[in-house]
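Spelled out, the chains give:
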Amino acid sequence: MEYDYTKDVDAALPNADILAKTGNVAGAVESLNTLEKQSRLGSDMKSNARVVQHMVQMCFDGKQWDLLNETILALSKKRLLIKVAIARMIYVEVERARLTSYVVKKLEAQGKLEEAATMLLELQVETYGSMEVKERVEFLLEQMRLSVAREDYVRASIIAKKISTKFFTKEPVEDQVQNLKLKFYELMITVGLHNNNYLDVCRHYRAIQETPKILGDLEKNKMALKCAVIYVLLAPHGNEQWDLVHRLVQMRDLESILEYKKFLELFINQEIISWTELGKTYQALLRVGTPANPATGIFDDSANGNKRWEDLHVRVGEHNLRMVSKYYTQITFDRLAELLDFPVAEMEQFLCNLIVNGMIPNAKIDRPNRIVNLKAKKAHVDHLDQWADNVRRLTDTLNKVSHLILKEEMVHKNLEQVSAIH
């Protein structure tokens, strides 16, 4: 049942102010709790809004920050999160988000990462229409960072989709926006590496490399290009990967790191790559680096670095197998192991994995005879098309022969008539 508490509020607020001025802010806030509850339960939203705002204002004016935080949290729980300042529908979502950000930073500094992440992730800032886009992106990036910090990569990926990359390319590109772009793609790289999605990681490094701030720094530009080259080669072969390889090799900036360009061209050339020779030529460059070309850290001595080096070995094997399938329809185990630069046992396991993964679906292993059949099996439609093509060519040939015979007969007949006249 609705009830008007205006007179009660008019009388209680000055008394609370007097009590707050004596230094007893907590007592002043406590004196309004009962009236706040009565006005809320009595559905007098106008009076309730005045009381709530006055409680918060007293804490703020008295610089009682801990009490302010406790009061806001208590009021929030009573209303299932602050959405509006009740009566006049005054939205305080932006202020709440900023205040929550301060609390989160304090909790993170105290080492309470899980609590800080949970509090910040409760904010649905993407729905805050009154918040500027730049500030909204900052909040979303902080949510991504905390999600990555607590290894919640699925949530980080979901949050990333709420950020439009068009925001980073709007003209004019401000320095602060460039910093946000770099932070976004660094977090995306972390997520991509966790999921072993090397092709996406390559795209992220390309986006970093195309940032004006990075283009103006020669060393950072080179490092981003190196990482893009390596990760595109670590990605499984496919149409998108192959297209990206050709786009990279045509980049003019790649001329500044010729060793990496030559390394990339190895996978474009339709030739077998010797893993042993590749290790002799490029292992030191890729894993340790040189004074002119520092290493990227992708193939360091860590567990992840060693795993990526093994992934590179697999990609070389896949490339070599594609080259072998161009020239062989059948090949023995020993010869294939020699060409792939694998021991026979490892080659067989490697080949089985590629067949199961669909990389070479038409290959068949004849284990008793130790032969690999690489010839693709034609579909029935292909057989019919080939038969129809053969028939067409046969009829064309017969027509041509028939025409030549008739022509020859006409020539001889004409010659006989001329000779008979003379």
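The preceding data block contains the structure.
So, a few notes on the structure that sits alongside this text. (Residues numbered from 1 in each chain as written. Predicted model: local features only at pLDDT ≥ 70, side-chain atom pairs only at ≥ 80, totals over all residues. Heavy atoms only, no water.)

## Side note on the overall build of the protein chain
The secondary structure content of the protein chain amounts to 19 helices and three strands. Since a compact globule built from 422 residues should have a radius of gyration of about 22 Å, the 37 Å found for the protein chain marks it as more spread out than a globular shape. Taking the principal axes of its C-alpha atoms as reference, the protein chain extends roughly 140 × 60 × 50 Å. For the protein chain, buried positions account for 39% of its 422 residues. Taking as baseline every contact in the protein chain between residues at least 6 positions apart, the subset at least 24 positions apart corresponds to 58%. Put simply, the protein chain shows about 25,300 Å² of open surface, and 54% of that area lies on carbon and sulfur atoms. (Helix = DSSP H or I, 4+ residues; strand = E, 2+ residues; numbered from the N terminus. Rg over C-alpha atoms; globule rule 2.2 N^0.38 Å. Buried < 20%, exposed > 50% of the residue type's maximum accessible area, 1.4 Å probe, protein only. Contact = heavy atoms within 4.5 Å. Areas by Shrake-Rupley, 256 points an atom, 1.4 Å probe, with all protein chains shown as cover.)

## Observations regarding the side chain of arginine 287
Topologically, arginine 287 is positioned in helix H15 (residues 275-288). No salt bridge is formed by the buried arginine 287; the nearest opposite charge belongs to aspartate 301, separated by 4.2 Å. A polar contact of 2.9 Å, which involves the side chain of arginine 287, links it to the backbone oxygen of phenylalanine 299. When sequence neighbours within four positions are dropped, the list of residues in contact with arginine 287 reads Ala295, Phe299, Asp300, Asp301, Gly305, Asn306 and Trp309. (Lys, Arg positive; Asp, Glu negative; His and termini not counted. Salt bridge = Lys/Arg side-chain N within 4 Å of Asp/Glu carboxyl O. Polar contact = N/O pair within 3.5 Å; in protein donor to acceptor, adjacent residues only side chain to side chain.)

## Some thoughts on empty space enclosed by the protein
Taken as a whole and judged by the stated rule, the model has one cavity of 30 Å³ or more. Around the largest cavity, the lining residues are Leu233, Ala235, Pro236, His237, Gln241, Trp242, Val245, Phe267, Arg315, Glu318, His319 and Arg322. Counting residues per element, the ones that place at least two in the lining of the largest cavity are helix H13 (239-249) and helix H16 (303-327). Per-element accounting of the lining of the largest cavity gives the leading share, four residues, to H16. (1 Å grid on protein atoms, 1.4 Å probe; cavity = no way out; pocket = protein on both sides within 12 Å on 5 of 7 lines; lining within 4 Å. Points joined across faces, edges and corners; volume = space filled by probe spheres on them.)

## Details of the sheet that holds strand E2 (residues 364-366)
Read across the sheet, three strands follow the order E1-E3-E2 without closing on themselves; strand pairing throughout is antiparallel. The open sheet is flanked by strand E1 (330-332) and E2, the only strands paired with a single partner. Taking each pair of neighbouring strands and ignoring which way they run, the sheet shows an average axis angle of 25°. As judged from the three bridges shared by E1 and strand E3 (residues 371-373), these two strands associate in the antiparallel manner. Bridge pairing in E3 links threonine 332 to isoleucine 371. (Pairing = 2+ DSSP bridges. Axes fitted to C-alpha atoms, helices over the stretch in contact; angles between N-to-C directions.)

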